[in-house]
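Reading the structure
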Amino acid sequence: MLRDVVETDLPIFFEQQLDPESTRMAAFPAREKWTDFLAHWRKILGDPACCKQTIVWNEQVAGNIGSWPQEGRRLIAYWIGREYWGRGIATAALAEFLGQESARPLHAFVISHNVGSIRVLEKCGFVRIGGAPAAPDGVDEYLYRLG
Ligand SMILES: CC(C)(COP(=O)(O)OP(=O)(O)OC[C@H]1O[C@@H](n2cnc3c(N)ncnc32)[C@H](O)[C@@H]1OP(=O)(O)O)[C@@H](O)C(=O)NCCC(=O)NCCS
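Attention here is on the structure that accompanies the text. Treat the numbers as computed from the prediction; the structure is a model and nothing was measured.

1. Focus: the nonpolar core
- Core analysis: the biggest nonpolar cluster contains 25 residues, and Ile55, Ile65, Ile76, Leu94, Leu121 and Phe126 have the highest contact counts within it.
- Those elements giving two or more residues to this core turn out to be strand 3 (60–70), strand 4 (73–80), helix 4 (89–100), strand 5 (106–111), helix 5 (115–123) and strand 7 (141–146).
- Ranked by residues supplied to this core, first place goes to helix 4 with six residues.
- In this structure, Ile76 is in contact with Gly66, Ser67, Trp68, Leu94, Phe97, Leu106, His107, Ala108, Leu121 and Phe126, ignoring residues within four places of it in sequence.
- Counting residues in hydrophobic clusters, the runner-up holds nine residues, among them Leu10, Phe13, Phe14 and Val61.

2. Overview of helix 3 (residues 34–45)
- With 12 residues, helix 3 extends 16 Å between its outermost C-alpha atoms, agreeing within 8% with the 16 Å of an ideal straight helix rising 1.5 Å per residue.
- Among all positions of helix 3, only Phe37, Leu38, Trp41 and Ile44 are buried. Down the axis of helix 3, the sector holding all buried residues measures 125°, keeping them to one side. What points out from helix 3, more than 90 degrees from its buried face, is the exposed set Thr35 and Lys43.
- Each element contacted by the buried residues of helix 3 is listed here: helix 1 (10–18), strand 2 (51–57) and strand 3.

Reading the values: rules and limits
- Residues numbered from 1 in each chain as written.
- Predicted model: local features only at pLDDT ≥ 70, side-chain atom pairs only at ≥ 80, totals over all residues.
- Heavy atoms only, no water.
- Core = buried A, V, L, I, M, F, W, Y, C linked by side-chain atoms within 4.5 Å.
- Buried < 20%, exposed > 50% of the residue type's maximum accessible area, 1.4 Å probe, protein only.
- Helix = DSSP H or I, 4+ residues; strand = E, 2+ residues; numbered from the N terminus.
- Contact = heavy atoms within 4.5 Å.
- Expected span 1.5 Å × (residues − 1).
- Arc of directions from axis to C-beta.

Geometric descriptors of this kind do not, in isolation, establish any biological role.
Following this line, the structure appears as structure tokens:
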């Protein structure tokens, strides 16, 4: 189930994005300081162009999903807390989110080793349309599109 983000979700998101296995999987660095994290989220939540939802599973805050405009594209991303992995939550959340977010096309960047996220995107109809230039560390990033 998706619902609007409330302030009390933020400490949970903070812990979820600190998890080293998650940051390695997404190849996305954590915001280590709570004040930086909070400032980032307050900016997002105050921006009407950003669409953010909390993913609730069994009445628990399992993660978040959202979309935002960036360099002429509308991007989506999601993050699930490690203890909730492997239960179909990301797939269900993305499918539900796609019913709320009417913009098309939607795009997603995903690092080539993130097979779980690639699977989630493909199960929800996203198609790989190319690879972004390799990051400085040599890791390839793929670009996916829906619509
Ligand atoms: C990637 C991530 C979103 C997957 O969430 P999840 O709720 O476990 O995903 P689902 O349960 O919906 O799994 C969907 C499919 O991916 C597969 N999958 C999920 N994680 C996997 C992994 N680590 N390795 C291989 N396959 C994986 C599942 O088996 C399932 O496939 P199936 O339908 O064929 O059985 C979650 O691990 C996560 O948030 N990771 C950290 C942040 C991140 O990577 N965000 C995405 C950035 S692009």
